[in-house]
Amino acid sequence: MDSLDAVRELLAEFPVVDGHNDLPWALRAHARYDLDALDIATHQHEHLHTDLPRLRSGGVGAQFWSVYVPADLPEPVPATLEQIDCVRQLLDRYPADLAPARTAADMEAARRDGRIASLMGAEGGHSIANSLGTLRGLYALGVRYMTLTHNDNVAWADSATDEPAAGGLSRFGREVVREMNRLGMLVDLSHVAATTMRDALDATSAPVIFSHSSSRAVCDHPRNIPDDVLERLPANGGVAMVTFVPKFVLQAAVDWTAAADENMRAHGFHHLDTTPEAMKVHRAFEERTPRPVATASTVADHLDHMREVAGIDHLGIGGDYDGTAFTPDGLDDVSGYPNLLAELLDRGWSRADLAKLTWKNAVRVLGAAEDVARGLQATRGPSNATIDELDG
């Protein structure tokens, strides 16, 4: 049996839990949630990384759908509710394939039914607008993790890709973590500064996750996880879910992106400008300096290192599909997971190792958060603290 056949046999029993997929935002951006225009029951290669046939081909058994909204939206809470509504529309439209899931037990039930457990994660603390009541509202609607920041700081937590302001977590930020623990909502430390990671690990009484982050020792990008943080995961019980975004996993791509951004600024454009004039400048740069290409082997290098530091019980997968313009060769869309797993099998990972990576670790961490929440709810009620009270 070759490696791909062995992996497909494994995935039939222990499918992939992916920690982060931005399909809801892609559906908003491309079709304003018109599910007739972008029907994921059929292949939509031109617009999306994700559809039902490719999820099935990739061996996906559970997906955390990101209900992300940009931090600069003037009213992030209504937009987040629209994202949650998009996931609900998907569940209503495709019940034979997608199963609503809020608990570890729901994930296992979906696996037994042969459906894809569909959970939600909010990306960025701006989605709660400094309100613990809003946090509880998102939980009640099914959101089961929240990334404390996105690319920009929030008033109570520093982002990996912004200038330090809070020094990690503020007092209110620690209260957000405490309330997430009490609810059973996973604290997601992707996107946050290393200081925020350390403060959150100090504050939490439940396991944390990184829904889509890789190793900073292998690729020196601030979005990745330093080794000293990975070393704390065994004691915490958390899971780091490796991401596939080339500029986070391949050092040459990090360096190329920095040079491309500087080229844009030198020509008077913001590095995220996508106007025709700006893209003309960017295409000229790419013609002169071809973009480096990551592969499944690149991602496997991260997993090898993360396993060495954190251990096999603390790893998972979070591809960030439909949230990135570029993907590694062999991991072009959600059908590609078997290629990564075959690479790991060829490197000596066992079937038991892969089962933990794909399914067992992610299900365990959600179940552990639920256990902690039951204990906390028996000893304290909801927090009504405000940012003004705690941070001044």
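Keep in mind it's a predicted model, so treat the numbers as computed, not measured. (Residues numbered from 1 in each chain as written. Predicted model: local features only at pLDDT ≥ 70, side-chain atom pairs only at ≥ 80, totals over all residues. Heavy atoms only, no water.)

1. Points about the overall build of the chain
So, point 1. The helix and strand inventory of the chain stands at 17 helices and nine strands.
So, point 2. Taken over the C-alpha trace, the chain has a radius of gyration of 20 Å; the compact-globule value for 392 residues is 21 Å, and the two agree within 12%.
So, point 3. By principal-axis analysis of the C-alpha atoms, the chain measures approximately 55 × 55 × 45 Å.
So, point 4. Buried residues in the chain amount to 57% of all 392 residues.
So, point 5. Of the roughly 15100 Å² of accessible surface on the chain, 50% is carried by carbon and sulfur atoms.
So, point 6. Counting 35 positive and 58 negative side-chain charges, the chain places the centres of these two groups 5 Å from one another. (Helix = DSSP H or I, 4+ residues; strand = E, 2+ residues; numbered from the N terminus. Rg over C-alpha atoms; globule rule 2.2 N^0.38 Å. Buried < 20%, exposed > 50% of the residue type's maximum accessible area, 1.4 Å probe, protein only. Areas by Shrake-Rupley, 256 points an atom, 1.4 Å probe, with all protein chains shown as cover. Lys, Arg positive; Asp, Glu negative; His and termini not counted. Charge placed at Lys NZ, Arg CZ, Asp CG, Glu CD.)

2. Some thoughts on the environment of Ile 387
So, point 1. Structurally, Ile 387 can be placed in helix 17 (residues 387-391).
So, point 2. Judged by its relative accessible area of 15%, Ile 387 falls in the buried class.
So, point 3. Spatially, the C-alpha atom of Ile 387 lies 33 Å from that of Ser 215, the residues being 172 residues apart in sequence.
So, point 4. Beyond its immediate chain neighbours, meaning those up to four positions away, Ile 387 contacts Asn 130, Ala 155, Trp 156, Phe 172 and Gly 392. (Contact = heavy atoms within 4.5 Å.)

3. Examining the packing of aromatic side chains
So, point 1. Under the definition given, this model contains seven aromatic pairs.
So, point 2. Their ring planes at 75° and their centres at 5.7 Å tell us that Phe 244 and Tyr 321 sit as a pair that is edge-to-face. One end of the pair, Phe 244, is in the loop between strand 8 (239-242) and helix 11 (246-249); the other, Tyr 321, is in the loop between strand 9 (315-317) and helix 15 (337-346), and 77 residues separate them in sequence. For the pair formed by Phe 244 and Tyr 321, the shared burial category is buried.
So, point 3. Cluster of aromatic residues (ring-pair linked, three or more members): Phe 244, Tyr 321 and Tyr 337.
So, point 4. Here the guanidinium or amino end of Arg 307 rests over the ring plane of Trp 349, the centre of that ring lying 4.9 Å away. (Phe/Tyr/Trp six-rings, centres within 6.5 Å; stacked < 30°, edge-to-face > 60°. Lys NZ or Arg CZ within 6 Å of the ring centre and 35° of its normal.)

4. With respect to the pattern of salt bridges
A side chain with one charge may pair with a side chain of the opposite charge, provided their charged atoms come close.
So, point 1. Following the criterion strictly, the structure yields 22 salt bridges and no others.
So, point 2. Note that Arg 291 and Glu 286 form a salt bridge whose closest N and O atoms lie 3.3 Å from each other.
So, point 3. Overall, Arg 291 belongs to the partly exposed group, its relative accessible area being 22%.
So, point 4. One salt-bridge network, held together by shared partners, links Asp 301, Asp 304, Glu 343 and Arg 347. (Salt bridge = Lys/Arg side-chain N within 4 Å of Asp/Glu carboxyl O.)

5. Focus: helix 1 (residues 3-13)
Helical geometry note: an α-helix holds 3.6 residues per turn, so side chains three or four residues apart project in the same direction.
So, point 1. All buried positions along helix 1 are accounted for by Ser 3, Val 7, Leu 10 and Leu 11. Down the axis of helix 1, the sector holding all buried residues measures 100°, keeping them to one side.
So, point 2. Where helix 1 is buried, its residues touch strand 1 (16-21), helix 15 and helix 16 (351-377).
So, point 3. Two to three positions downstream of the cap, the backbone nitrogen of Leu 4 sits 3.3 Å from a side-chain oxygen, assigning the N-cap of helix 1 to Asp 2. (Arc of directions from axis to C-beta. Polar contact = N/O pair within 3.5 Å; in protein donor to acceptor, adjacent residues only side chain to side chain.)

6. Description of the side chain of Asp 188
So, point 1. Position of Asp 188 among the secondary structure elements: in strand 6 (residues 186-188).
So, point 2. For the buried Asp 188, which has no salt bridge, the nearest side chain bearing the opposite charge is Arg 223, at an N-O separation of 7.6 Å.
So, point 3. There is a polar contact of 2.7 Å between the side chain of Asp 188 and the side chain of Ser 211.
So, point 4. Each residue touching Asp 188, except ones within four places of it in the same chain, is listed here: Tyr 145, Met 146, Thr 147, Leu 148, Ile 209, Phe 210 and Ser 211.

7. Thoughts on the nonpolar core
So, point 1. Among the nonpolar cores identified, the biggest contains 108 residues, and Met 107, Met 146, Leu 148, Trp 156 and Leu 189 are the most heavily contacted of them.
So, point 2. At nine residues, the largest contribution of residues to this core is made by helix 16. (Core = buried A, V, L, I, M, F, W, Y, C linked by side-chain atoms within 4.5 Å.)

8. Focus on the packing of helix 14 (residues 296-310) against helix 15
So, point 1. Look at helix 14 against helix 15: their axes get within 9 Å of each other, and the N-to-C directions meet at 55°. Viewed along their axes, helix 14 and helix 15 adopt a mutual orientation that is oblique. Crossing hand, helix 14 versus helix 15: right-handed. Between helix 14 and helix 15, the contacting residues are Ala 296, Ser 297, Val 299, Ala 300, Leu 303 and Asp 304 on the first element and Asn 339, Leu 340, Glu 343 and Leu 344 on the second. (Axes fitted to C-alpha atoms, helices over the stretch in contact; angles between N-to-C directions. Parallel < 35°, antiparallel > 145°, perpendicular 65-115°, else oblique. Left-handed = near helix turned anticlockwise from the far one by under 90°.)

9. Focus: the packing of helix 6 (residues 132-140) against helix 7 (residues 171-183)
So, point 1. One can describe the packing of helix 6 onto helix 7 by two numbers: an axis separation of 11 Å at closest approach and a directional angle of 30°. Regarding the angle of helix 6 to helix 7, the classification is roughly parallel. By crossing handedness, the relation of helix 6 to helix 7 is classed as right-handed. Contacts from Leu 132, Leu 135, Arg 136 and Tyr 139 of helix 6 reach helix 7 at Phe 172, Glu 175, Val 176, Glu 179, Met 180, Arg 182 and Leu 183.
So, point 2. Taken together, the residues of the contact of helix 6 with helix 7 sort by class into seven nonpolar, no polar and four charged. (Nonpolar A, V, L, I, M, F, W, Y, C, P; charged D, E, K, R; others polar.)

10. Things to note about the pairing of strand 1
So, point 1. Of all six residues in strand 1, six are buried, a share of seventy percent or more.
So, point 2. Two elements, strand 1 and strand 2 (residues 60-66), share four bridges in a ladder whose sense is parallel. Among the inter-strand pairings, Asp 18 is bridged to a residue of strand 2, identified as Gln 63. (Pairing = 2+ DSSP bridges.)

11. Digging into the environment of Ala 294
So, point 1. Tracing the sequence through the fold places Ala 294 in the loop between helix 13 (276-288) and helix 14.
So, point 2. Residue class for Ala 294 comes out buried when judged on its relative accessible area of 1%.
So, point 3. As for Ala 294 and Val 16, which are separated by 278 residues in sequence, their C-alpha atoms are 21 Å apart.

12. Structural notes on a negative patch on the surface
So, point 1. Taken together, the side chains of Asp 72, Asp 152, Asp 162 and Glu 163 define an acidic patch exposed on the protein surface.
So, point 2. Looking at the secondary structure, you find Asp 72 in the loop between strand 2 and helix 4 (76-93). (Patch = residues over 30% accessible without salt bridge, like charges linked within 9 Å, V, L, I, M, F, W, Y side chains within 5 Å.)

13. Details of the side chain of Asp 353
So, point 1. On the secondary structure map, Asp 353 appears in helix 16.
So, point 2. Setting aside anything within four residues of it in sequence, one finds Asp 353 in contact with Arg 307 and Ile 312.

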